[in-house]
Amino acid sequence: NTILPVVLALCMIFILGYYKNLDTLQQFVKEEKEIIVDEFTTMLEAREEALLNIEEGMNSEMEKLSGEITGLVDNSVSPEKIDLINIEKKLGLDSANQEIYIFNKNGYIINTTFEKDLGFRFYEPRVDDSYKKFFFHVINGNKFVSERFATETESKRIRKFSYQPTKDHQYIVGIHPY
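Residues numbered from 1 in each chain as written. Predicted model: local features only at pLDDT ≥ 70, side-chain atom pairs only at ≥ 80, totals over all residues. Heavy atoms only, no water.

1. Topic: the overall build of the protein chain
- Assigned secondary structure in the protein chain consists of three helices and seven strands.
- Relative to the 2.2 N^0.38 estimate, which gives 16 Å for 178 residues, the radius of gyration of the protein chain is 29 Å and therefore markedly larger than a compact globule would have.
- The burial tally for the protein chain puts 31% of its 178 residues in the buried class.
- Entry remark: accessible area of the protein chain is about 12,100 Å², with carbon and sulfur atoms responsible for 58%.
- Taking the 21 positively charged and 29 negatively charged side chains of the protein chain as two groups, their mean positions are separated by 5 Å. (Helix = DSSP H or I, 4+ residues; strand = E, 2+ residues; numbered from the N terminus. Rg over C-alpha atoms; globule rule 2.2 N^0.38 Å. Buried < 20%, exposed > 50% of the residue type's maximum accessible area, 1.4 Å probe, protein only. Areas by Shrake-Rupley, 256 points an atom, 1.4 Å probe, with all protein chains shown as cover. Lys, Arg positive; Asp, Glu negative; His and termini not counted. Charge placed at Lys NZ, Arg CZ, Asp CG, Glu CD.)

As structure tokens, then:
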């Protein structure tokens, strides 16, 4: 008779202790998740700030290079035949980490230092037409356009893209460094 109340009391103590520890554990897990999210957010913000600082320096250099290459395209009878590899060497560009593209007014790559992309159309394979709108915004504009860093689809590497129309608005020169 006396054993049953003792066993019930021990079971109650065990159950209460279990739920108290469960609450403590759940609170601890919740706090740890919040700490991890905060640390990850801080890391992403630091990465974003670092990329912005790098972009500031790159934008002016890319605009200068783009202007030089665009000038050569403007003065060429046939931009599809310009020796971009030679231009790349003359400008001291790192061919392993940067490509030059010339797009015609229909969005096709007609000349590039990256042969694999020759003939590719800038906006055709896309699901939406935002690329097409962007392309025509650039080709009809009068200025250098530099995009933010983005992850390249094929290589999964971070890359920067810039575009500049020629004076006659028939071509776009693109410079794409890693």
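2. With respect to a nonpolar patch on the surface
- Among the surface-exposed residues, Phe14, Ile15, Tyr18 and Tyr19 lie close enough to one another that they form a single nonpolar patch of about 470 Å² accessible area.
- Tracing the sequence through the fold places Tyr19 in helix 1 (residues 3-74).
- You can call Tyr19 partly exposed: its relative accessible area is 49%. (Patch = residues over 30% accessible without salt bridge, like charges linked within 9 Å, V, L, I, M, F, W, Y side chains within 5 Å. Salt bridge = Lys/Arg side-chain N within 4 Å of Asp/Glu carboxyl O.)

3. A few points about the pattern of salt bridges
- Across all of its chains, the model carries five salt bridges by this definition.
- Across the pair Glu99 and Arg159 runs a salt bridge, and its minimum N-O distance is 1.8 Å. Placement of the pair is Glu99 in strand 1 (residues 98-104) and Arg159 in strand 5 (residues 158-159), with a sequence separation of 60 residues.
- Several salt bridges converge on common partners, so that one network encompasses Glu48, Glu55, Arg148 and Lys160.

4. A closer look at helix 1
- Between the first and last C-alpha of helix 1 there are 100 Å, a value that for 72 residues agrees with the 106 Å anticipated at 1.5 Å per step.
- Of all the bends in helix 1, the largest measures some 25° and sits at Met58.
- Regarding helix 1, the residues found buried are Leu51, Glu55, Met58, Met62, Leu65, Ser66, Ile69, Thr70 and Val73.
- Contacts made by the buried residues of helix 1 are with helix 2 (84-90), strand 1, strand 6 (162-165) and strand 7 (171-177). (Expected span 1.5 Å × (residues − 1). Bend = angle between axes of the 7 residues up to and from the residue. Contact = heavy atoms within 4.5 Å.)

5. Concerning a negative patch on the surface
- On the surface, Glu31, Glu32, Glu34, Asp38 and Glu39 cluster together to form a negatively charged patch.
- Topologically, Glu31 is positioned in helix 1.

Function cannot be read off these values alone, since they describe shape.
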